[in-house]
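Tertiary structure, described
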Amino acid sequence: MFVTHYYENKTSVLSQLLVKLPTVDDDIRIKGRKAKVLEVLQVDDNNFHVKILFEKIPKKQPLKELGKKKR
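Our subject in this report is the structure included herewith. (Residues numbered from 1 in each chain as written. Predicted model: local features only at pLDDT ≥ 70, side-chain atom pairs only at ≥ 80, totals over all residues. Heavy atoms only, no water.)

Looking at the overall build of the chain
Note the following rule: Each helix is a run of H or I in the DSSP string that is no shorter than four residues. Each strand is a run of E no shorter than two, and both are numbered from the N terminus. Working definition: with a 1.4 Å probe on protein chains only, accessible area under 20% of the residue-type maximum means buried, over 50% means exposed, and in between means partly exposed. Throughout, a contact is declared for two residues whenever any of their heavy atoms are within 4.5 Å.
Secondary structure summary: the chain contains zero helices and five strands in total. What you see in the chain, going N to C, is helices and strands ordered as β-β-β-β-β. Going through the 71 residues of the chain one by one, you find that 20% of them count as buried. Across the chain, the fraction of contacts at a sequence separation of at least 24, relative to all contacts at a separation of at least 6, is 26%.

Let's talk about the sheet that holds strand 3 (residues 27-30)
In plain terms, the rule: When DSSP finds two or more bridges between two strands, those strands count as paired. Only the stretch in contact is used when a helix axis is fitted, and all axes are lines through C-alpha atoms; the angle between N-to-C directions ranges over 0 to 180 degrees.
Strand order in the open sheet made by the five strands is 2-1-5-4-3, with mixed pairing throughout. This sheet does not close on itself; its edge strands, each paired only once, are strand 2 (11-18) and strand 3. Going across the sheet, the axis of each strand differs from the next one's by a mean of 40 degrees, ignoring polarity. Bridging between strand 1 (residues 2-8) and strand 2 involves seven bridges; their strand directions are antiparallel. Across the sheet, the residue bridging to H5 is S15, located in strand 2.

A few points about the environment of I28
Checked against the element boundaries, I28 lands in strand 3. Taking relative accessible area as the criterion, I28 reaches 17% and is therefore assigned buried. Each C-alpha atom, one on I28 and one on I52, is 9.2 Å from the other, the two residues being 24 residues apart in sequence. Leave out the neighbours within four places in its chain, and I28 touches Y6, R33, K34, A35, V37 and I52.

Spelled out as structure tokens, the structure:
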């Protein structure tokens, strides 16, 4: 069993107790968001730090209604 701490830009996102560690360039889901593993660092025998990068979600542009103005 390994204690894994997930970090994004020095911000702790999640800590888990896992049997199998994620590998580099592995796609994972954390809190419903897609992420890619950048680096796995071993701190102690059972402690690991995993650096991740969340996928950017593009913001949707609102549709403009032509010919109508709100008052």
